[in-house]
Amino acid sequence: MPPSPIAPPSPAGPESTRQLRRVALSGLLGTAVEFYDFLVYGTVAALVFGELFFPGADPAVGTIAAFGTFAAGYVARPLGGIVFGHFGDRLGRKSMLLLTMGLMGGASFLIGLLPTYDTIGVWAPVLLITLRVVQGIAIGGEWGGATLMVVEHAGERRRGLWSSFTQMGAPLGSLLSSLVVTLVVAMPRDQFAAWGWRVPFLLSVVLLGVGLFVRLKVVESPLFAEVKKDRGEARLPIVDVLRRPRPLLLACCVGIGAFTAQSLLTSYLIAYATGIGYARPQVLTALTVSACVALVVLPCASALSDRVGRRPVVLAGALTSAALAFPVLALVDSRSPGLLILAVVLGHGIAQSAMYGPLGALLTEMFGTRVRYTGASLGYQGATLIGAGFSPMIAGSLVAGSGNGTPVALLICGGSLITALTVWFVRETSNTSLSGSATERSDSPHTQEISA
């Protein structure tokens, strides 16, 4: 794909502010598409994919197999981070973001058209996994590019708050997916299994169209424009990132807690809660309320990180998540719909959102402009792979073996403690200047080496 037109760096002013708002909206819609598609997949996988694509298996085995296809998308994410990060750091951010959004929405739409096992046999799960991998590759490049575009356009202007718009795409996508799935699961079971499950995937084309319309109006990052003007692009960004791997490893580990809690308290919760007696609408209602709370907590946590720093906010969220892991599970196990809502709001809407909110700014600030797309994408996607990719499948296996939900709480607690420990080794980045040295920062050891 040819590089998109590059806007020259410009000082803060009315046009700059308008572009920043447009970029923030673009990031919000891009992440909303990402999470809508991924969470619709996780929800439908928990409800019917076992019987539609893996028939004849024990119900528990079918659910695990369905979540195995869920994990396949996460495995592909780092590859997407490398590929789109490379071209994003070489050619520009905008063109890659248009491509990632198109691939993501297109793959989701095609999943809605897939024949099931009864129609084409083993090709059904093969095609499902293939499209899931395409989704994963696209998402691997989406978040990093969308977030750093917002951060680089913001410059020194409240980067945490502005980057929260990209982060807010997660609960917005979750909210939209929950609302759509709630409507279709109200259908009679046979109709839902026959065709109703396809509707949420097919509707993703609407989000895709709106997102592409907004994204086409966004101009290239001014910081990348400076690098391009000086012909300072990294020849092989992945090599530069891996040459000094410490910030990449820290970026991966600091996000593990947020993604472990997110996957277990959204996608996996549907299978777990319905398995112990909750009705599907009750679980989806809890997820909807939690998403609404997260839409408030995320910008607040991100704005707070501009004032007190990224590290204290992420640390507070991680410790809160660890402390609430077992109480949240106890509330879920109460089999009370009201307490289920309280559990998801506490664990996901508040604690997880406090960890997740500042990550957008934190991860992008850890890398210089020449390698920022690659570094931030790999850090984020590495965290999702470790924290979220396998958590539902592991939790499903452990719960099936133990007969209780204790492993779920242990996984949430363990992931949160990893984040809390990693925060101590990450240098505070909220006061890091991104402008004025766009080319030089990425070559400096201090950019790639993050001291305790």
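Sequence order as written defines the numbering, with residues in each chain counted from 1. A pLDDT threshold of at least 70 governs which residues receive local features in this predicted model, and a stricter bar of 80 or more applies before side-chain atom pairs are shown or counted, although totals over entire chains, interfaces and linings include all residues. With hydrogens and water set aside, each side-chain value is computed from the structure's full complement of heavy atoms.

Heads up, the rule is: UniProt positions are given in the numbering used here, feature names are shortened, and annotations may be inferred rather than shown by experiment.
In the annotation of an unreviewed UniProt entry, the entry for the chain reads Putative proline/betaine transporter, and the organism field reads Streptomyces caeruleatus. What UniProt records for the chain under Subcellular location (unreviewed entry) is the sentence "Cell membrane". Recorded in UniProt for the chain, the comment headed Sequence similarities (unreviewed entry) runs: "Belongs to the major facilitator superfamily. Metabolite:H+ Symporter (MHS) family (TC 2.A.1.6) family."

Here's the deal with the overall build of the chain
Our working rule: Working definition: helices are DSSP H or I runs of at least four residues, strands are E runs of at least two. Numbering for both runs from the N terminus. Think of it in three bands: with a 1.4 Å probe and only protein chains considered, a residue is buried below 20% of the maximum accessible area for its type, exposed above 50%, and partly exposed in between. Contact criterion: two residues are considered in contact whenever any of their non-hydrogen atoms come within 4.5 Å of each other. Reported accessibility uses the Shrake-Rupley method at a 1.4 Å probe radius. Residues are deemed covered only where the shown protein chains occlude them.
The secondary structure content of the chain amounts to 22 helices and 0 strands. The buried share among the 452 residues of the chain stands at 60%. In the chain, 87% of the contacts between residues at least 6 apart in sequence involve partners at least 24 apart. As presented, the chain carries roughly 15,900 Å² of accessible surface, and 70% of it is formed by carbon and sulfur atoms.

A look at the packing of aromatic side chains
The condition that has to hold: Here a Phe, Tyr or Trp ring, Trp counted by its six-membered ring, pairs with any other such ring whose centre lies within 6.5 Å, and the pair is stacked when the planes are under 30 degrees apart, edge-to-face when over 60, and tilted otherwise. Charge-over-ring placement is defined geometrically: NZ (Lys) or CZ (Arg) within 6 Å of the ring centre, and within 35 degrees of the ring normal.
Inspection of the entire model under this criterion finds 6 aromatic pairs. With a centroid separation of 6.1 Å and an interplanar angle of 80°, the aromatic rings of Trp197 and Phe201 are classed as edge-to-face. Above the face of the Phe192 ring, Arg280 is positioned so that its terminal group lies 5.8 Å from the ring centre.

A look at the nonpolar core
Just so we agree on the cut-off: To qualify as a nonpolar core, a set must consist of buried Ala, Val, Leu, Ile, Met, Phe, Trp, Tyr and Cys residues joined through side-chain atoms within 4.5 Å. All the domain ranges listed were derived from an automatic or database domain assignment.
If you look at the biggest cluster of nonpolar residues, it comprises 94 residues, and the most contacted ones within it are Phe49, Trp197 and Tyr356. A total of 15 residues in this core trace back to one element, the largest contributor, which is helix H1 (residues 14-53). In this structure, this core is formed jointly by two domains, domain 1 (15-222) and domain 2 (240-429), each of which donates at least three residues. Val23, Met96, Leu148 and Ala154 belong to the second largest nonpolar core, which has 14 residues in total.

What about helix H12 (residues 256-264)?
Among the 9 residues that make up H12, 9 are buried, leaving the element largely enclosed by the rest of the structure. Along H12, the positions that sit buried rather than exposed are Ile256, Gly257, Ala258, Phe259, Thr260, Ala261, Gln262, Ser263 and Leu264.

Remarks on the environment of Tyr278
The criterion, for reference: Pairs of N or O atoms are called polar contacts if they sit within 3.5 Å, as long as, within protein, a hydrogen donor faces a hydrogen acceptor (for residues adjacent in sequence, only side-chain-to-side-chain pairs).
Within the fold, Tyr278 resides in the loop between helix H13 (267-275) and helix H14 (280-308). By relative accessible area, Tyr278 is classed as buried at 5%. For the pair Tyr278 and Asp333, spaced 55 residues apart in sequence, the C-alpha to C-alpha distance is 9.9 Å. In this view, Tyr278 contacts Ala273, Val283, Leu331, Val332, Ser334, Arg335, Ser336, Pro337 and Leu340; residues no more than four positions away in its chain are not counted. Here the side chain of Tyr278 touches Arg335 through a polar contact of 2.9 Å, landing on its backbone nitrogen.

Here we look at the environment of Tyr74
Positionally, Tyr74 belongs in helix H2 (residues 59-90). Excluding anything up to four places from it in sequence, Tyr74 contacts Phe38, Arg132, Thr384, Leu385, Ala388 and Gly389.

Focus on the state of the cysteines
Rule in force here: Put simply, a disulfide is two cysteine sulfurs that come within 2.5 Å.
Counted by the stated rule, this structure contains 0 disulfides. No disulfide involves Cys252; its sulfur sits 6.5 Å from that of Cys253, the nearest cysteine.

Topic: the confidence of the model for the chain
The following threshold applies: As a per-residue measure, pLDDT reflects the predictor's confidence and takes values from 0 up to 100.
Across the chain, the average pLDDT comes to 83, with 88% of residues at or above 70. Confidence drops under a pLDDT of 50 for residues 1-11, and excluding neighbours within four residues, the segment shows 25 contacts in the predicted structure. Segment residues 436-452 is flagged for pLDDT under 50; beyond a separation of four residues in sequence, or across chains, it makes 55 contacts in the model.

Describing unusual backbone geometry
Outside of glycine, negative phi angles account for most residues, and trans bonds account for most peptide bonds. Its identity is not glycine, yet Arg335 carries a phi of approximately 65°, on the positive side. With respect to the helices, strands and loops of the structure, Arg335 is situated in the loop between helix H15 (310-333) and helix H16 (337-356).

Notes on the side chain of Thr364
Relative to the helices and strands, Thr364 resides in helix H17 (residues 359-365). Judged by its relative accessible area of 0%, Thr364 is buried. Only 2.9 Å separates the side chain of Thr364 from the backbone oxygen of Gly360, close enough to count as a polar contact. If we ignore the near neighbours within four places in the chain, the residues touching Thr364 are Thr147, Leu148, Val151, Arg372 and Ala376.

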